[in-house]
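Coordinate analysis (summary)
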Amino acid sequence: MYIIAGLGNPDRQYQNTRHNIGFDVIDVIADKYGIAMGEKKHKAVIGKGYIAGQKVILVKPQTYMNLSGESIRSVIDFYKVDEKSELIVISDDVSLDVGRIRIRKKGSAGGHNGLKNIIQHLGHDEFIRVRMGVGEKPQGYDLADYVLGHFTSKEREVMDAGAGNAAAAIEIMITQGPEAAMNLYNKKVQEV
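**Description of the pattern of salt bridges**
- On inspection of all chains with the given rule, the structure shows 12 salt bridges.
- Among the salt bridges present, the one from Lys60 reaches Asp27, with a minimum N-O distance of 2.6 Å. With Lys60 in strand β4 (residues 54-61) and Asp27 in helix α1 (residues 21-33), the pair connects residues that are 33 residues apart, well separated along the chain.
- In this structure, Asp160 and Arg156 form a salt bridge, with 3.2 Å as the shortest nitrogen-oxygen distance. Of the two residues, Asp160 and Arg156 are both situated in helix α6 (residues 153-176); the distance of 4 residues between them amounts to about one turn of the helix.
- The exposure class of Asp160 is partly exposed, given its relative accessible area of 43%.
- Among the charged side chains, a network of salt bridges with common partners joins Asp24, Arg156 and Asp160.

**Quick word on the pairing of strand β3 (residues 44-51)**
- Most of β3 is tucked away: 6 of the 8 residues are buried.
- Across 3 bridges, strand β2 (residues 39-41) lies against β3 in antiparallel orientation. Paired with Lys41 across the two strands is Ala44, which belongs to β3.
- The turn linking β2 back onto β3 is made up of 2 residues, and His42 within it adopts a positive phi angle of 60 degrees.
- Note that β3 and β4 share 8 bridges and pair antiparallel. Its bridge partner lying in β4, Val45 is registered against Lys60.
- Counting the residues between successive antiparallel strands, the hairpin from β3 to β4 contains 2 residues, one of them, Ala52, with a positive phi of roughly 50 degrees.

**Digging into the side chain of Asp24**
- Tracing the chain through its elements places Asp24 in helix α1.
- Filtering out sequence-adjacent residues up to four positions away, Asp24 remains in contact with Asn16 and Arg156.

**Concerning the packing of aromatic side chains**
- Inspection of the entire model under this criterion finds 3 aromatic pairs.
- Ring geometry for Tyr14 and Tyr64: centres 6.4 Å apart, planes at 85 degrees, overall edge-to-face. Of this pair, Tyr14 sits in the loop between β1 (2-6) and α1 while Tyr64 is found in the loop between β4 and α2 (68-79), placing the two residues 50 residues apart along the sequence.
- Among the residues examined, Tyr14 registers a relative accessible area of 17% and is labelled buried.
- Measuring from centroid to centroid gives 4.9 Å for Phe78 and Tyr79, while their planes differ by 80 degrees, and the two rings are edge-to-face.
- For Tyr79, a relative accessible area of 14% corresponds to the buried category.

**Some words on the nonpolar core**
- Judged by nonpolar contacts, the single largest core of 32 residues is most densely connected at Ile4, Ile29, Ile90, Val130, Met132, Ile170 and Met173.
- Elements that contribute at least two residues to this core include exactly β1, α1, β4, β5 (87-93), β6 (101-104), β7 (128-133), α6 and α7 (178-185).
- With 9 residues, α6 is the largest single contributor of residues to this core.
- Once residues lying within four places of it in the same chain are set aside, the contact partners of Val130 are Ile88, Val89, Ile90, Ser91, Ile101, Arg102, Ile103, Ala166, Ile170 and Met173.
- In terms of nonpolar packing, the next biggest core, distinct from the first, is built from 21 residues, Val75, Tyr79, Ile119 and Phe127 among them.

The rules behind these values
Residues numbered from 1 in each chain as written. Predicted model: local features only at pLDDT ≥ 70, side-chain atom pairs only at ≥ 80, totals over all residues. Heavy atoms only, no water. Salt bridge = Lys/Arg side-chain N within 4 Å of Asp/Glu carboxyl O. Helix = DSSP H or I, 4+ residues; strand = E, 2+ residues; numbered from the N terminus. Buried < 20%, exposed > 50% of the residue type's maximum accessible area, 1.4 Å probe, protein only. Pairing = 2+ DSSP bridges. Contact = heavy atoms within 4.5 Å. Phe/Tyr/Trp six-rings, centres within 6.5 Å; stacked < 30°, edge-to-face > 60°. Core = buried A, V, L, I, M, F, W, Y, C linked by side-chain atoms within 4.5 Å.

Right, here's the structure in full:
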């Protein structure tokens, strides 16, 4: 069984913002695999279903980004999964170009408060994460204002494609392992 958690903020005002791309990817996965999202438990909205024959629990923590670890810890404890190999966390990343994804099996929070809180609640940084590039903040912008801002229509198109890539990468992780997904999706796309 896999826990797939997308990070974001629950209020309507945060929908479609850069910081909520984790929620957007969960929506893409839910649509792709026919998983109903609606059950409310563990301080989250969850959905149960299957990807490539493997049981998955999709999670959108409702604790606000900075307390995401509370919800994820509760889900892990309830379903008794191995968080080092069966937890996949999807988050935004300002150090990656818009729409680009990077998969890691461990690492620091990289300044991301949601990841920082998860690491704090797990007591380690060894869990699979899919980092979704939302682009570097423009000079002079406040980081919080930037990540809580909305994509341009062109960026949104690129992000939608990136969310589709993230969903495909997660299926590969489940069927072939994280290394196979890393080999396919961590390569920088060559510009023509």
